[in-house]
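Close look at the chain arrangement
What follows is the residue order along each chain.
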Amino acid sequence: MSYEDATALLDEETHDAINVDRTKGDFTFPERHKFDAGYGLSSKTIDYICDVKGEPQWVREFRHKALEVFESKPMPTNWATKDLDNIKFDEIRYYLSDGEKPKRSWDEVPPEVLETFERLGIPEQERAFLAGVEAQYDSEAAYSNMKEELTKQGVVFVNSTEGLKEYEEIFRPWFGKVIPTGDNKFSALNSAVFSGGSFIYVPKGVKLKQPLQAYFRINSENFGQFERTLIIADEGAELMYMEGCTAPKFETATLHSAVVELVALKGAKIQYVTVQNWSSNVFNLVTKRGLAMEDAEVRWIDCNIGSRLTMKYPGVIMKGRRARGEVISIALANTGQHQDTGAKMIHAADETTSNIVSKSISVGEGRATYRGQVHIPKHLKGCKNNTECDALLINSHSRTDTYPAITVKGNRHATQHEASVSQVSEEMLFYMQQRGISEGAAMSLAVNGFINDLVREFPMEYSVELKRLIDLEMEGSVG
Amino acid sequence: MSLHIQDLRATLEDGTEILKGVTLDIPKGEVHAIMGPNGSGKSTLSKVIAGHEGYVVTGGSVTLDDEEIFGMSIDERSRAGIFLAFQYPSEVPGVSNANFIRAALQARLPQGEEIDAVAYYKKLYAKMDLLEMDRKFTGRAVNEGFSGGEKKRNEILQMMMLEPKYCILDETDSGLDIDALKIVAKGVNAMRSRDRGMLLITHYQRLLDYIKPDHVHVMAEGRIVRSGGPELALELEKHGYDFLKEAALA
């Protein structure tokens, strides 16, 4: 039986568990924040956040320095979209929380927060197939729990505040090392005001069989969510981490700017899976990068649906011999959306291998941009890179751009690059509709077909959800 | 009960008239064949009935069991019971045959009802066996990398799975070797039924050696110019389409 047939026969229980209608993401509850840093960003905002969170002095200093870097860096509009200038930093609230610690049981989570995550299907998913869940609501995690056996194995899965306080000896040496504060304007912003996100440590040789999941939910208007995630897989450890995100549709723009750092020590494997479904007014400006030591592997599997503007180029620095890096990404840009995504592969040791497969779909006035950077310096030998980027256009207003930058020095390496642009033709739609399939469903089928080989890379539970999200998006795009 | 085409007129988007008043009645239980030279409007007729947006209907009507179809979308017509086996079936990259046919069947179910996967595969495999198709074929993307013969067999498979009321087969014999033609004919003959009408569009008599029509029509320059029994096809085979020109002049 083929993969297709197998997914079709997914048992009902699993199907129900993940059968979350994401149109239900568009709801909000009244704000009940005990702590609100107010509008705008200054050193006072940072002191407020440090005080509320009770952070050590080194973190306070780290944040203040980051604010200076943020303020000194210009918007990258020299190469990126001018739409960035529409972010009004003074009209954003940088920290909102109810002051509660994350609960270990859903029963203790405040009712409206529980309802939020129930409507998004998180507790069901946790029961069905997850090893642990962290559920963030605005600035802080409302719920965080992990299977007991993992705790016994020494696995740490907490939010970033708890990580830097309780596990400083593991946290601090790696924090801000893969992505330095000054990497870009938004990594500096995150470093100044970060809150929430996960800290994960998987000890030597421990291999997690089920994924850990974080869910990032924005509930409040004029709010910026700045989670910070640091994942460390010790030698020979393996884990899969999954993140999902939604926000309601507000009148004004919302900012989401995360920093995610992955560290895979010798022989470790980290897979980081993202399925984001932001509403169409979210600026989603995220920096994600992994460090892979000898024989280690970092894979980013990234699916971007929704948002007004997403800028995200997951990267892997292959620092140890035979390290492997991979970015598999799907971006769907509907009308009013710009998906500016790509990948960075920095080869820094011999015999390192990287693979980039990027597929984008532009619908209506939607715009998809691919930016790739592959760097192989001259002194290395035996490095390999494969880059494929394919774009699918649905109707003539769509736009797609590809900016691959592959810098390979020396002649002891192998690289290949393929790119294609295709269209869902009228004849293809006519053919599908003649079989009784509606126009919207036909487009969904065509889009799902286009990304089919990548969807296989997602865990089955998420691949089904991904298909559903695409169906919803495509149904809505038929005029 | 029939698929009834009455004085149908259609043009290209630029106004060029292709169908100049076609009248044809295909009752359930009958197999009709339309023959005619290239450019006579045969394929256009099939596309206009199916609802292709490249044509403008300028007059006449098509009714399916007395229901007017021109108000319906392409997919509504399909679900109402019209099936078109394409001369050049489209490729649908990345979508497996099994998923494609299932999506088409699913579209026919009321909201909230799901295809029974086990029964579905049982039926699919049975039809594939009849058409001598390899099981691997379910996982292959629709028509992608298919040979001409495989594409045509795939059209017949879809037809057998969807069980339409009226089947229009557009040049199904083109590009087939004799063995493939026999298999396709076997499939079509298996579909013949008192509850189903069929319209075969073909340039050659060859197909009609394997699928015996009840009626044969000759189309030329956008009109049906002659109708008769199966013997008409043999006559065409013998004399070619030249006599049409004489008839047109007369």
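Residues numbered from 1 in each chain as written. Chains lettered and ligands numbered in written order. Predicted model: local features only at pLDDT ≥ 70, side-chain atom pairs only at ≥ 80, totals over all residues.

As a further point, take the overall build of chain B. Per the secondary structure count, chain B includes 8 helices and 12 strands. Against the 2.2 N^0.38 benchmark of 18 Å for 250 residues, chain B shows a C-alpha radius of gyration of 18 Å, consistent with a compact globule. The buried share among the 250 residues of chain B stands at 43%. For chain B, contacts bridging at least 24 residues in sequence account for 72% of all contacts bridging at least 6. (Helix = DSSP H or I, 4+ residues; strand = E, 2+ residues; numbered from the N terminus. Rg over C-alpha atoms; globule rule 2.2 N^0.38 Å. Buried ≥ 20, exposed ≤ 12 C-beta atoms within 10 Å, placed from the backbone. Contact = placed C-beta atoms within 7 Å.)

We now examine the nonpolar core. In this structure, Val193, Ile200, Ala233, Leu262 and Ala264 of chain A together with Ile168 of chain B are the most contacted members of the largest nonpolar core, which totals 208 residues. Residue contributions to this core peak at 10 residues, all from helix H12 (residues 439-455) of chain A. Residues from two domains meet in this core; each of domain 1 (1-21 + 440-479) and domain 2 (22-439) of chain A gives at least three. Residue contacts for Ala233 of chain A: discarding those within four places in its chain leaves Val202, Glu238, Leu239, Val263, Ala264, Leu265, Ala268, Lys269 and Ile270 of chain A. (Core = buried A, V, L, I, M, F, W, Y, C linked by C-beta atoms within 7 Å. Domains from an automatic or database assignment.)

Here we come to helix H3 (residues 43-53) of chain A. All names here are of chain A. By the burial criterion, the buried members of H3 are Thr45, Ile46, Ile49 and Lys53. On an axial view of H3, the arc spanned by its buried residues comes to 100 degrees, and they lie on one face. Of the residues in H3, the exposed ones pointing more than 90 degrees away from the buried face are Ser43, Lys44 and Asp51. Where H3 is buried, its residues meet helix H4 (57-72), helix H8 (160-166) and helix H10 (185-193). Where H3 terminates, the next one or two residues include Gly54, which has phi positive at roughly 60 degrees. (Arc of directions from axis to C-beta.)

Here we take up helix H11 (residues 426-434) of chain A. Counting buried positions along H11 of chain A yields 7 of 9 residues, so the element is predominantly enclosed. Those residues of H11 of chain A that fall on the buried side of the exposure criterion are Met428, Leu429, Phe430, Tyr431, Met432, Gln433 and Gln434 of chain A. Looking at the buried residues of H11 of chain A, the elements they touch are H12 of chain A together with helix H1 (42-50), helix H2 (74-80), strand S6 (82-85) and strand S7 (92-96) of chain B. Looking one or two places after H11 of chain A, you find Gly436 of chain A, whose phi comes out positive at around 100 degrees.

Counting residues at the interface gives 28 residues for chain B, matched by 24 residues for chain A. For the side of chain B that touches chain A, the class distribution of residues is 15 nonpolar, 9 polar and 4 charged. (Nonpolar A, V, L, I, M, F, W, Y, C, P; charged D, E, K, R; others polar.)

All names here are of chain A. Taken as a whole, chain A is organised into domain 1 (1-21 + 440-479) and domain 2 (22-439). Placing the centre of domain 1 and that of domain 2 at their C-alpha centroids yields a distance of 22 Å. Elements supplying a minimum of two residues to the side of domain 1 that touches domain 2: helix H2 (12-18), H12 and helix H13 (460-475). Per-element tally for the side of domain 1 that touches domain 2: the top contributor is H12, with 10 residues.

All names here are of chain A. Where strand S20 (residues 353-363) and strand S22 (residues 384-394) come together, 11 bridges link them in parallel fashion. From the neighbouring strand, Thr353 faces S22, where its bridge partner is Lys384. Here S22 pairs with strand S24 (residues 414-423) via 10 bridges, running parallel. Across the sheet, the residue bridging to Asp390 is Ser420, located in S24. (Pairing = 2+ DSSP bridges.)

Two packed helices can be described by the angle between their axes and the distance between those axes. All names here are of chain A. Across the interface, H11 lies against H12 with an axial gap of 9 Å and an inter-helix angle of 120 degrees. Crossing of H11 over H12 shows right-handed handedness. Of the residues in H12, those touching H11 at Met428, Leu429, Met432 and Gln433 are Glu439, Ala442, Leu445 and Ala446. Residues of the contact of H11 with H12, tallied by class, amount to 6 nonpolar, 1 polar and 1 charged. (Axes fitted to C-alpha atoms, helices over the stretch in contact; angles between N-to-C directions. Left-handed = near helix turned anticlockwise from the far one by under 90°.)

Residues and elements named next belong to chain B. Strand order in the open sheet formed by 6 strands is S6-S9-S10-S3-S11-S12, with mixed pairing between adjacent strands. With partners counted over all chains shown, the strands left at the sheet margins are S6 and strand S12 (223-228), one partner each. Each neighbouring strand pair of the sheet contributes to a mean axis angle of 20 degrees, computed without reference to strand direction. Strand direction decides the pairing type here: strand S9 (residues 166-170) and strand S10 (residues 197-202), joined by 5 bridges, are parallel. Among the inter-strand pairings, Leu169 is bridged to a residue of S10, identified as Leu200. Contacts from helix H7 (residues 231-239) reach strand S3 (31-35), strand S11 (215-220) and S12, with the element oriented near 45 degrees to S11.

This part is about the sheet that holds strand S1 (residues 2-12) of chain B. All names here are of chain B. Pairing in this open sheet of 4 strands is antiparallel, and the strands run S2-S1-S4-S5 from one edge to the other. Unpaired on one side and paired on the other, strand S2 (17-27) and strand S5 (67-68) mark the two borders of the sheet. Here 8 bridges tie S1 to S2, and the two strands are oriented antiparallel to one another. Looking at the pairing, Thr11 lines up with Glu17 of S2.

Residues and elements named next belong to chain A. The buried fraction of strand S12 (residues 259-264) amounts to 6 of the 6 residues, a majority that puts the element mostly inside the structure. On S12, burial covers both faces: Val259, Glu261 and Val263 on one face and Val260, Leu262 and Ala264 on the other are all buried. The pairing of strand S9 (residues 228-233) with S12 spans 6 bridges and is parallel. Each residue of the ladder has a partner; that of Ala233, found in S12, is Ala264. Relative to strand S14 (residues 282-292), S12 runs parallel, the two being bridged by 6 bridges.

On to the packing of helix H3 (residues 97-106) of chain B against helix H5 (residues 148-162) of chain B. Residues and elements named next belong to chain B. Interhelical geometry of H3 versus H5 gives an angle of 35 degrees and a closest axis separation of 10 Å. Crossing of H3 against H5: the hand is right-handed. Taking contact as the criterion, the partners of Asn97, Ile101, Ala104 and Leu105 in H3 are, on H5, Asn154, Gln158, Met161 and Leu162.

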